[in-house]
Amino acid sequence: MARFMDVHRGMQGITADQLMEAHKADLAIENEEGVHFEHAWADPESGLVYCLSEAPSPEAVQRIHERTGHRADEIHPMPLSV
């Protein structure tokens, strides 16, 4: 499985509760695409949200996000970590 970091823009004002709701929605159906969402971060001021996942493909990540109502603006592979 590969690791991906996806970016959501335009989420100014997002609260911790809203971020948790969105993350839980992804977790509820992630197995259907073989994805595992590991963590999410948000900056309410800039409106940026980042999600770290393991998945078979970026398309699988996007399908989950689309189904839960928060399509990613970018999805980046993260092949290296230390």
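In this report, the structure presented in the accompanying data block is examined. Being a predicted model, the structure only gives us computed values, none of them experimental.

1. Brief notes about the sheet that holds strand β2 (residues 36–43)
In step 1: A sheet is described by the order of its strands in space; here four strands give the open sequence β2-β3-β1-β4, paired in antiparallel fashion. Two strands close off the open sheet at either side, each with one partner strand: β2 and β4 (74–77). This sheet shows a mean twist of 20 degrees between the axes of neighbouring strands, independent of strand direction.
In step 2: Helix-sheet contacts for helix α1 (residues 16–29) involve β2 and β3 (48–55), and the interaxial angle to β2 is about 160 degrees.

2. A few points about the nonpolar core
In step 1: Membership of the largest hydrophobic core comes to 13 residues, with the highest contact counts inside it found for V35, F37 and V61.
In step 2: With sequence-adjacent residues up to four places away left out, F37 is seen in contact with D6, H23, D26, L27, E30, C51, L52, S53, V61, I64 and H65.

3. Quick look at the environment of G34
In step 1: Here G34 is to be found in the loop between α1 and β2.
In step 2: Of the residues examined, G34 reaches a relative accessible area of 31% and is grouped as partly exposed.
In step 3: For the pair G34 and S57, spaced 23 residues apart in sequence, the C-alpha separation works out to 9.3 Å.
In step 4: Sequence-distant contacts of G34, defined by excluding residues within four places in its chain, comprise M1, E54, A55 and P56.

4. Here we look at the pairing of β3
In step 1: Among the eight residues in β3, six count as buried, and that is most of the element.
In step 2: Pairing between β2 and β3: seven bridges, direction antiparallel. Residue pairing in the sheet places F37 in a bridge with S53 of β3.
In step 3: Between β2 and the antiparallel strand that follows it, β3, lie four residues; G47 among them carries a positive phi value of about 80 degrees.

Thresholds applied
Residues numbered from 1 in each chain as written. Predicted model: local features only at pLDDT ≥ 70, side-chain atom pairs only at ≥ 80, totals over all residues. Heavy atoms only, no water. Pairing = 2+ DSSP bridges. Helix = DSSP H or I, 4+ residues; strand = E, 2+ residues; numbered from the N terminus. Axes fitted to C-alpha atoms, helices over the stretch in contact; angles between N-to-C directions. Contact = heavy atoms within 4.5 Å. Core = buried A, V, L, I, M, F, W, Y, C linked by side-chain atoms within 4.5 Å. Buried < 20%, exposed > 50% of the residue type's maximum accessible area, 1.4 Å probe, protein only.

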